[in-house]
Amino acid sequence: MRPEVVAEFRAATEYYHKERHLSRSFRAQSAKLLALLGQGSGVVLDIGAGPALLGPAIVSLGYDYIAMDMVLEMLRGASGILLEHRAAMVVADAEALPFADRSFAAVTAMGVLEYMSNLSQALVEINRVLAPGGVAIVTVPHGSAPYRRSCYAWRRLKAAAKRLLLRREGEPSASVSGTMKYVPTPRRWREEAAKAGFDVAADGFCNCQVLPEPLASLSPGFAQRLGAVMEPACLVRPMRALGTQYVMKLVRA
Ligand SMILES: C[S@@+](CC[C@H](N)C(=O)[O-])C[C@H]1O[C@@H](n2cnc3c(N)ncnc32)[C@H](O)[C@@H]1O
């Protein structure tokens, strides 16, 4: 785990407890993830669960649920949800899962793999703890979405302007978000999954964003409404690149 990521999510705990469930990003990703998971039985391990917002829906699909996160404060706020559903919580690092091989019917990881210090290691760990016939459903940033490319270009432009105007170092960034380490194309995500011993059984896109940066930041309300109206476009092949999140259903190769 990366100390700067721990610090970022510790600082964001209140947002995750109070507002995350209202965000379009959460609703779009969770709908896609739950549809790919489907009904079943056995135990689901939710890696990077935050305040375990997926818990009730996963339990209603027939599974038992374990919420896992590296930030204790995230899980602490989830204790009500977890008690109600007789679910468990574990504080641990996704890159060193404290579970025996073949423990889980399914693993979910929503918006977390991009923060790993070693993505391959995390994927190998997920593969290790899946029971035979188990599935992993992961949602990750779609690096070639026009919106993500605009974030990257805008950050670089701002850093260059800062250097020019202040005649000192700006912070050129390798990724579209300060702490996201992995923001590759869908093809690269599939290659990473394959290297860890997975086949991609199904995939898709969601969380449509039409307005690029800096327009999206200048009019966030309009950007969100436009994205919501256009969300169905993520289901149509030529338009699906507008989805800022990529979702994969992985099975052991
Ligand atoms: C973007 S939040 C997503 C939370 C939740 N899945 C959701 O969608 O509401 C990412 C979460 O992953 C956790 N996380 C990041 N790196 C982790 C790691 N190496 N091991 C376990 N959890 C991690 C963070 O603490 C944070 O709660």
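The structure displayed is predicted, hence computed values, not measured ones.

Procedures and definitions
Residues numbered from 1 in each chain as written. Predicted model: local features only at pLDDT ≥ 70, side-chain atom pairs only at ≥ 80, totals over all residues. Helix = DSSP H or I, 4+ residues; strand = E, 2+ residues; numbered from the N terminus. Buried ≥ 20, exposed ≤ 12 C-beta atoms within 10 Å, placed from the backbone. Contact = placed C-beta atoms within 7 Å. Pairing = 2+ DSSP bridges. Axes fitted to C-alpha atoms, helices over the stretch in contact; angles between N-to-C directions. Core = buried A, V, L, I, M, F, W, Y, C linked by C-beta atoms within 7 Å. Expected span 1.5 Å × (residues − 1). Arc of directions from axis to C-beta. Near = placed C-beta within 6 Å. Nonpolar A, V, L, I, M, F, W, Y, C, P; charged D, E, K, R; others polar. Parallel < 35°, antiparallel > 145°, perpendicular 65-115°, else oblique. Left-handed = near helix turned anticlockwise from the far one by under 90°. pLDDT = per-residue confidence, 0-100.

Some details on the overall build of the chain
Stage number 1. Helix and strand counts for the chain come out as eleven helices and seven strands.
Stage number 2. Its C-alpha atoms give the chain principal-axis dimensions of about 55 × 40 × 35 Å.
Stage number 3. For the chain, with 253 residues in total, the buried portion stands at 38%.
Stage number 4. The long-range fraction of contacts in the chain, counting pairs at least 24 apart against all pairs at least 6 apart in sequence, stands at 70%.

Observations concerning the sheet that holds strand S7 (residues 243–252)
Stage number 1. Strand order in the open sheet made by the seven strands is S3-S2-S1-S4-S5-S7-S6, with mixed pairing throughout. The sheet is open, and its two edges are formed by strand S3 (88–91) and strand S6 (198–208), each paired on a single side. Adjacent strand axes in the sheet meet at a mean angle of 15°, parallel and antiparallel pairs treated alike.
Stage number 2. Bridge count between strand S5 (residues 130–141) and S7: seven bridges; the pairing is antiparallel. By the bridge assignment, alanine 136 is partnered in S7 with leucine 250.

Observations regarding the nonpolar core
Stage number 1. Core analysis: the largest hydrophobic core is formed by 66 residues, its most contacted members being Ala67, Ala106, Val107 and Ala136.
Stage number 2. Ranked by residues supplied to this core, first place goes to S5 with six residues.
Stage number 3. Setting aside its immediate chain neighbours within four residues, alanine 67 contacts Asp46, Ala49, Ala52, Gly55, Leu75, Ala78, Leu82, Ala87 and Met89.

Observations concerning unusual backbone geometry
Stage number 1. In this model, glutamate 213 is joined to proline 214 through a cis peptide bond whose omega is 5°.
Stage number 2. Within the secondary structure layout, proline 214 lies in the loop between S6 and helix H10 (215–218).
Stage number 3. One non-glycine residue, alanine 52, lies in positive phi territory at about 55°.
Stage number 4. With respect to the helices, strands and loops of the structure, alanine 52 is situated in the loop between strand S1 (43–47) and helix H4 (55–60).
Stage number 5. Phi angles above zero are rare outside glycine, and asparagine 207 is one such case at about 60°.
Stage number 6. Inspection of the secondary structure assignment puts asparagine 207 in strand S6.

A closer look at helix H8 (residues 146–166)
Stage number 1. Across its 21 residues, H8 extends 30 Å between first and last C-alpha, which sits within 8% of the 30 Å expected from 1.5 Å per residue.
Stage number 2. Every buried residue of H8 is listed here: Tyr147, Arg148 and Cys151. One face of H8 carries all of its buried residues, which in axial projection span an arc of 105°. Along H8, exposed side chains directed more than 90 degrees from the buried face belong to Leu157, Ala160, Ala161 and Leu164.
Stage number 3. In this fold, the buried residues of H8 make contact with S5 and S7.

Quick word on the site of the ligand
Stage number 1. Around the ligand there are 21 residues in total, and Phe9, Gly48, Gly50, Met70 and Ala94 lie nearest to it.
Stage number 2. In the shell around the ligand, the residues fall into 14 nonpolar, three polar and four charged.

Focus: the environment of glutamate 192
Stage number 1. Along the polypeptide, glutamate 192 turns up in helix H9 (residues 186–195).
Stage number 2. For the pair glutamate 192 and serine 25, spaced 167 residues apart in sequence, the C-alpha separation works out to 24 Å.
Stage number 3. Not counting chain neighbours up to four residues away, the residues in contact with glutamate 192 comprise Leu119, Ser120 and Leu123.

Quick notes on the packing of helix H7 (residues 119–129) against H9
Stage number 1. Packing of H7 against H9 leaves a shortest axis separation of 9 Å and a crossing angle of 55°. Here H9 runs oblique to H7, going by the angle between their axes. For the pair H7 and H9, the crossing hand works out as right-handed. Facing Leu119, Ser120 and Leu123 of H7, the residues of H9 in contact are Glu192, Ala193 and Lys195.
Stage number 2. For the contact of H7 with H9, the per-class residue count stands at three nonpolar, one polar and two charged.

Considerations on the confidence of the model for the chain
Caution applies to low-pLDDT regions: their predicted coordinates should not be interpreted in detail.
Stage number 1. Overall, the prediction assigns the chain a mean pLDDT of 90, with 96% of residues at 70 or greater.
Stage number 2. Segment residues 172–176: pLDDT under 50, and twelve contacts once partners within four positions in sequence are set aside and those in other chains are kept.

Some remarks on H7
Because an α-helix packs 3.6 residues into every turn, residues spaced three or four apart end up facing the same way.
Stage number 1. Within H7, burial applies to Leu119, Ala122, Leu123, Glu125, Ile126 and Asn127.
Stage number 2. Next to the buried residues of H7 lie strand S4 (104–110), S5, H9, S6 and S7.

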